[in-house]
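An overview of the molecular structure
So you can see what is in the structure, the chains are spelled out below.
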Amino acid sequence: MDISVVIPLYNEAESLPELHEWISRVMNENGFSYEIIFIDDGSTDNSWEIIESLSKNQETVKGIKFRRNYGKSPGLHCGFQRAQGDVVITMDADLQDSPDEIPELFRMIQEEGYDLVSGWKKKRYDPISKTVPTKLFNATARRFSGIYLHDFNCGLKAYKNVVIKNIEVYNDMHRYIPYLAKIAGFNKIGEKVVQHQARKYGTTKFGISRFFNGYLDLVTLWFTSKFGKKPMHFFGLLGTLMFLIGFICLIVVLTAKLISIISGDLRPLVTNSPYFYIALTGMIMGTQLFLAGFIGELISRNAPKRNQYKIENEI
């Protein structure tokens, strides 16, 4: 099979028939063998009934229905597990992603050898309340990941099948699939300017909470990718530095007290010096951080997948 199109959705009943017809037309015009996998993320409208109707008339249509709303990442995860095409295309169900982009995305994967191609909605039809946070988010994601994409969160992407079978999309990590692919060893990541359609039906699912949650997820992903299997390298180093700062301050306090004793002035108390409290805080925090790293190493050492590595080839 040439292409699997994975489409997570939530309350997009109005757009589904038109989207299906549009994808089918593009596929047939280009002679692709394909499947369309709709993932209904607990919709409260009649989205699932429409998917069932489409699947009865078309063998190429498949569907998954969640019992409740889990989010986009679980939807993509389940879709990726079932995708069989050599190239996997993801897109949103709101008709803002154009299926006319599929042939070129397919070509870039198959002929130019990209592992992943991300869409870039250079000209957007979103309100400024969404475009400004998006630009800030993308700038931060580029800085943390080292992947210079303009639009990390674009739903329209293309992947080699091997890529989606070797990454795990969880929580809200769908925003960082290119970063997840890089961590998994897929470094040929490209970008294509794609057409962005104005929303025709329904309302946007974007909320300001997604903006802040996105930053927290990015920090989590960065930390786990760098220190997930070697937590002592982070906590141990930081703890050692804190302990040394505290120890140096302790030496300063004791030296000052010793000098006052030698000079015969016993009045100054060590607790009167700010260095005493810096020393106390630094040594306690340093010890706690070091122990956190040690506990992290014990957890990592006992993880069942600690020695599972992605082997690309073997003779």
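This report concerns the structure included in the present document. (Residues numbered from 1 in each chain as written. Predicted model: local features only at pLDDT ≥ 70, side-chain atom pairs only at ≥ 80, totals over all residues. Heavy atoms only, no water.)

What follows concerns the overall build of the protein. Secondary structure summary: the protein contains 10 helices and 7 strands in total. Buried residues in the protein amount to 43% of all 315 residues. By sequence separation, contacts in the protein at least 24 residues apart represent 79% of the contacts at least 6 residues apart. (Helix = DSSP H or I, 4+ residues; strand = E, 2+ residues; numbered from the N terminus. Buried < 20%, exposed > 50% of the residue type's maximum accessible area, 1.4 Å probe, protein only. Contact = heavy atoms within 4.5 Å.)

Below, the discussion takes up the packing of aromatic side chains. Within the structure shown, the criterion is met by 6 aromatic pairs. Plain terms: the ring middles of Phe 137 and Tyr 176 are 5.6 Å apart, the flat faces sit at 45° to each other, and that makes the pair tilted. Of the two residues, Phe 137 is situated in helix α5 (residues 128–145) and Tyr 176 in the loop between α6 (161–164) and α7 (177–183); the sequence distance between them amounts to 39 residues. Given the relative accessible area of 1%, Tyr 176 is considered buried. When the ring centre of Tyr 114 is taken as reference, the NZ or CZ atom of Lys 188 above it lies at 5.3 Å. (Phe/Tyr/Trp six-rings, centres within 6.5 Å; stacked < 30°, edge-to-face > 60°. Lys NZ or Arg CZ within 6 Å of the ring centre and 35° of its normal.)

Across the sheet, which stays open at both edges, the 7 strands sit in the order β3-β2-β1-β4-β6-β5-β7 with mixed pairing between neighbours. Looking at the sheet topology across the chains shown, the edges are occupied by β3 (61–65) and β7 (189–193). The sheet shows a mean angle of 20° between the axes of neighbouring strands, taken without regard to direction. Pairing geometry for strand β1 (residues 3–9) and strand β4 (residues 87–90), over 4 bridges, is parallel. Looking across to β4, one finds that Ile 3 is bridged to Val 87. Packed onto the sheet, helix α1 (residues 16–30) meets β1, β2 (34–40) and β3 and runs at close to 160° relative to β2. (Pairing = 2+ DSSP bridges. Axes fitted to C-alpha atoms, helices over the stretch in contact; angles between N-to-C directions.)

With 35 residues, the main nonpolar core has Ile 3, Val 5, Ile 7, Phe 38, Ile 89 and Met 91 as its most contacted residues. Ignoring sequence-local partners within four residues, the contact set of Phe 38 consists of Ile 7, Leu 9, Leu 16, Leu 19, His 20, Ile 51, Leu 54, Val 61, Lys 62, Gly 63 and Ile 64. Phe 66, Leu 116, Ile 167 and Tyr 179 belong to the second largest nonpolar core, which has 31 residues in total. (Core = buried A, V, L, I, M, F, W, Y, C linked by side-chain atoms within 4.5 Å.)

Across 5 bridges, the pairing between β2 and β3 is parallel. Residue pairing across strands places Ile 37 opposite Lys 62, the latter belonging to β3. A crossover connection joins β2 to the parallel β3 through helix α2 (residues 47–57); in handedness this β-α-β unit is right-handed. (Right-handed = clockwise from strand over helix to strand, strands pointing away.)

The phi torsion of most residues other than glycine is negative, and most of the peptide bonds are trans. Phi at Asn 11 takes a positive value of approximately 55°, unusual for a residue other than glycine. Among the secondary structure elements, Asn 11 is positioned in the loop between β1 and α1. Positive phi outside glycine occurs at Leu 95, with the angle close to 70°. Judged by its relative accessible area of 4%, Leu 95 is buried.

By themselves, these observations are geometric and do not establish any function.
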